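Survey of secondary and tertiary structure
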Amino acid sequence: AQDWDTFISVVDDRAKEVFAAQSQELIQAVMEEGPLNGSNPSAILMARIRKAGGTQNSGRRVAKSKVPNGSAQTVVRGGRQPHVKAGQASSSSESQSGLHGLGLALCKLNNDMWNFDV
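Residues numbered from 1 in each chain as written. Predicted model: local features only at pLDDT ≥ 70, side-chain atom pairs only at ≥ 80, totals over all residues. Heavy atoms only, no water.

**Overview of helix H2 (residues 13–20)**
Think of an α-helix as 3.6 residues a turn; residues three or four steps apart then line up on the same face. Within H2, burial applies to Ala-15, Val-18 and Phe-19. One side of H2 carries all its buried residues, which in axial view fall inside an arc of 100°. Tucked inside the fold, the buried residues of H2 contact helix H1 (4–8), helix H3 (24–31) and helix H4 (41–51). (Buried < 20%, exposed > 50% of the residue type's maximum accessible area, 1.4 Å probe, protein only. Helix = DSSP H or I, 4+ residues; strand = E, 2+ residues; numbered from the N terminus. Arc of directions from axis to C-beta. Contact = heavy atoms within 4.5 Å.)

Below, the structure written as structure tokens:
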């Protein structure tokens with residue numbers, strides 16, 4: 001069994017913060033799985049926390065950004081996008097429609113860029 005400092009010395013600051021915010025029982029269970037050997041020790045630690053039922057909320061960075069029409073949009077960095085709740089279905093379909101339009105515009109731009117007959 002490793003001590004705390006040795007165990008978390010290989011992970012980034014964000015993973016350390018998330019790990020430190022867990023319950024003592026969860027920390028012990030995660031550390032009992034052994035050293036964080038692999039190409040991305042921080043990701044290994046986060047997966048162990050998730051598997052053990054811990055929370056990763058303290059690792060999420062949530063910011064509000066303004067979109068061109070002036071409405072606020074939630075942007076999540078460093079984690080999964082929040083789940084859509086029943087009352088938010090219309091804004092989700094509006095978002096999908098906007099993404100679809102963006103995709104079409106990018107396809108047209110790409111097509112125009114490679115059209116050498118112009």
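**Quick look at the packing of aromatic side chains**
Scanning all chains against the criterion turns up two aromatic pairs. Residues Trp-4 and Phe-19 carry aromatic rings whose centres are separated by 5.2 Å and whose planes lie at 5° to one another, so their mutual orientation is stacked. Of the two residues, Trp-4 sits in helix H1 while Phe-19 sits in helix H2, which places them 15 residues apart along the sequence. Accessibility expressed as a relative area gives 0% for Phe-19, which makes it buried. Centroid distance Phe-7 to Phe-19: 5.6 Å. Interplanar angle 40°. Geometry classified as tilted. Note that Phe-7 is positioned in helix H1 and Phe-19 in helix H2, a separation of twelve residues in sequence. Accessibility classification places Phe-7 together with Phe-19 in one group, the buried group. (Phe/Tyr/Trp six-rings, centres within 6.5 Å; stacked < 30°, edge-to-face > 60°.)

**Details of the side chain of Arg-48**
Secondary-structure assignment places Arg-48 in helix H4. Ignoring sequence-local partners within four residues, the contact set of Arg-48 consists of Phe-7, Val-30, Glu-33, Gly-34, Pro-35 and Leu-36.

Nothing here speaks to function; it is all geometry.
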